[in-house]
Amino acid sequence: IEGLLAEPVAREAQPAFLRREGVPLHCSFLIGCARHAAHPRGADGSVVTSSSGQAVSKQAEADWKEALATFEANEKGGWSPDKCESVSSSFNSANRSQKGKFAEAIYMSGLALDRCGKREDALKFYNQALEVDGKLCGARVGTGIDHFKAGREAQAYSTFERAVRDDPRCAEGY
């Protein structure tokens, strides 16, 4: 199963901040999910927020878009240790632009490292993201995946249950 992409999640099952046209959700069972950010202002002029409800600055969004484009290119073209470090650093820039409170960017920093097998480093980012937003689905599932890979199946199951309990739309936790 490792490395297989799940079917796209129905738009109504996605978190509110992702439910905009052209904002897909990509998931992989054993290596986590990459969520695509929305724009700072929606078509209706509303302010776009992170999963924790914080408004996303224009600079954080610009940094996010750049990091995400590189992440997606590597998803298609392949990862290398240098690419993992570079993409992780780019998501860190987005987080810094958001004053260290951009849970999705923190999570993606870890996911980029996870793509190159840097599980321990990735786990640090997942836990840091959960400090910012304790209900961030991808980060919670990332910690569950770490438990699963380490043979701690009961902890993994409990972590996936919590992800779903915290966010019933967390399709990755099912």
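Look a little higher up for the structure.
Basis of the calculations
- Residues numbered from 1 in each chain as written.
- Predicted model: local features only at pLDDT ≥ 70, side-chain atom pairs only at ≥ 80, totals over all residues.
- Heavy atoms only, no water.
- Core = buried A, V, L, I, M, F, W, Y, C linked by side-chain atoms within 4.5 Å.
- Buried < 20%, exposed > 50% of the residue type's maximum accessible area, 1.4 Å probe, protein only.
- Helix = DSSP H or I, 4+ residues; strand = E, 2+ residues; numbered from the N terminus.
- Contact = heavy atoms within 4.5 Å.
- Salt bridge = Lys/Arg side-chain N within 4 Å of Asp/Glu carboxyl O.

Colleague: Break down the nonpolar core for me, citing the residues and quoting the values.
Modeller: Counting residues in each nonpolar core, the largest one holds 25 residues, and the members touching the most others are Trp64, Phe71, Phe91, Phe102, Tyr107, Met108 and Ala139. Only helix 1 (58-77), helix 2 (81-97), helix 3 (103-114) and helix 4 (119-132) provide two or more residues apiece to this core. By residue number, the principal contributor to this core is helix 3, which donates eight residues. With seven residues, the next largest nonpolar core counts Cys137, Ile145, Ala163 and Cys170 among its residues.

Colleague: Describe the side chain of Asn74, naming the residues involved and giving the relevant values.
Modeller: Positionally, Asn74 belongs in helix 1. Every residue in contact with Asn74, bar those within four places of it in the chain, is listed here: Trp79, Lys83 and Val87.

Colleague: Outline the pattern of salt bridges, supporting the account with residue identities and numerical values.
Modeller: Inspection of the entire model under this criterion finds seven salt bridges. Its salt-bridge partner being Glu75, residue Arg115 comes within 2.8 Å of it at the nearest N-O pair. A residue pair is termed long-range when its members are at least 10 positions apart, and Arg115 in the loop between helix 3 and helix 4 and Glu75 in helix 1 qualify at 40 residues. Accessibility expressed as a relative area gives 35% for Glu75, which makes it partly exposed. Between Arg162 and Asp166 there is a salt bridge whose closest N-O contact spans 3.3 Å. Here Arg162 pairs with Asp166, and both are found in helix 6 (residues 153-166), just four residues apart, close to one helical turn.

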